[in-house]
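Okay, here's what each chain looks like letter by letter:
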Amino acid sequence: MKKFLVLGILFVLPLVAYLFFASGVHNFAKLPVLNTNVGNIEGFESLDSEKITFEDKITVLGFLGKDIYNKQGNAFNLNQKIYKKNHGFQDFQFVMVLPFGSEKAAKELLEELDDIADVSGWKFVFGTPESINALFDSLQTPHELDERLATHYVYIIDKNQNLRGRDGALKENESKVYGYDASAVADLANVMNDDIKVILAEYRLALKKYKADRKEK
């Protein structure tokens, strides 16, 4: 018995320690709200005239710009590292913002992404340069759109139209994280993936609590 007990401790304790540290301290907290005044996308047009909104959705927001092919690799990174793992969550969507005139290129990209995973959660919306800049500016981040109205960064918008990220308060010397660099696989896999898990878990817990409260009534 002692031998089995010792072997059990030797195997179990390292596993528990690994799971604890691999999950990260950040997973045990809510994802901070960085901005409560994010603009809406109700004035933008979608590919199939579907009404796209941030309301009651957890959104990954991106700006692909005029030359979508320059950001095609970013879209594939996001699809592989973030979307495929989480698209089963009913209220989870990807919204990519582009200027008018990019519709054909967006359709082609969507078809390529469809070869990898169900793309029902990918939404492309189109607007004027003025409306795109206004939406981006409403995020109030230190990032900038380039001359093509594009950025490598993507952003997490919650169901209340708030920008979520890291406020730098959780760990010593941790800087604020407003967005995630979609051109960097490591940033998506190690940072954004963790934060998406946090916010989805937050809403799952809220939904469970809501259902439990209703049963009690």
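All chains use their own residue numbering, which begins from 1 and follows the written sequence. Where local features are concerned, this predicted model is filtered to residues with pLDDT of at least 70; where side-chain atom pairs are given and counted, the filter is 80 or more; whole-chain, interface and lining totals use all residues. Calculated side-chain values reflect all of the structure's heavy atoms, with hydrogen atoms and water omitted.

Engineer: Which residues make up the pairing of strand β5 (residues 122-127), and what values do they have?
Structural biologist: The side chains of a regular strand alternate between the sheet's two faces. The buried fraction of β5 amounts to six of the six residues, a majority that puts the element mostly inside the structure. Each residue is placed in one exposure class: buried if its accessible area under a 1.4 Å probe, protein chains only, is under 20% of its type's maximum, exposed if it is over 50%, and partly exposed if it falls in between. Each helix is a run of H or I in the DSSP string that is no shorter than four residues. Each strand is a run of E no shorter than two, and both are numbered from the N terminus. Burial of β5 is two-sided: the residues Trp122, Phe124 and Phe126 facing one way and the residues Lys123, Val125 and Gly127 facing the other way are all buried. Where strand β2 (residues 45-46) and β5 come together, two bridges link them in antiparallel fashion. From the neighbouring strand, serine 46 faces β5, where its bridge partner is valine 125. We treat two strands as partners when DSSP finds at least two bridges between them. Two strands pair when backbone bridges link them, and strand β4 (residues 92-99) and β5 are joined in this way by six bridges, in the parallel orientation. Of the residues in β5, the one forming a bridge with phenylalanine 94 is tryptophan 122.

Engineer: Tell me about unusual backbone geometry, and name the residues and values.
Structural biologist: A positive phi angle, close to 65°, is found at leucine 149, a residue other than glycine. Looking at the secondary structure, you find leucine 149 in the loop between α4 (129-138) and β6 (150-157). A positive phi is found at glutamine 161, a non-glycine position, where the angle reads about 65°. Along the chain, glutamine 161 turns up in the loop between β6 and β7 (163-164).

Engineer: Give a description of the packing of helix α2 (residues 72-86) against helix α3 (residues 103-114) that names residues and reports values.
Structural biologist: Remark: α2 packs on α3, axes separated minimally by 11 Å, with the N-to-C direction vectors making an angle of 35°. Along this stretch, α2 crosses α3, giving a crossing that reads as right-handed. Taking contact as the criterion, the partners of Gln72, Ala75, Phe76 and Asn79 in α2 are, on α3, Leu109, Glu112 and Leu113. Note on residue classes: Ala, Val, Leu, Ile, Met, Phe, Trp, Tyr, Cys and Pro are nonpolar, Asp, Glu, Lys and Arg are charged, and everything else, Gly too, is polar. Split by residue class, the contact of α2 with α3 holds four nonpolar, two polar and one charged. Axis angles are defined between N-to-C directions and span 0 to 180 degrees, where every axis is a line fitted to C-alpha atoms and, for a helix, only to the segment in contact. Note: crossing handedness is left-handed where the near helix turns anticlockwise from the far helix by less than a right angle, and right-handed where it turns clockwise. Any pair of residues with heavy atoms lying within 4.5 Å of one another is described as a contacting pair.

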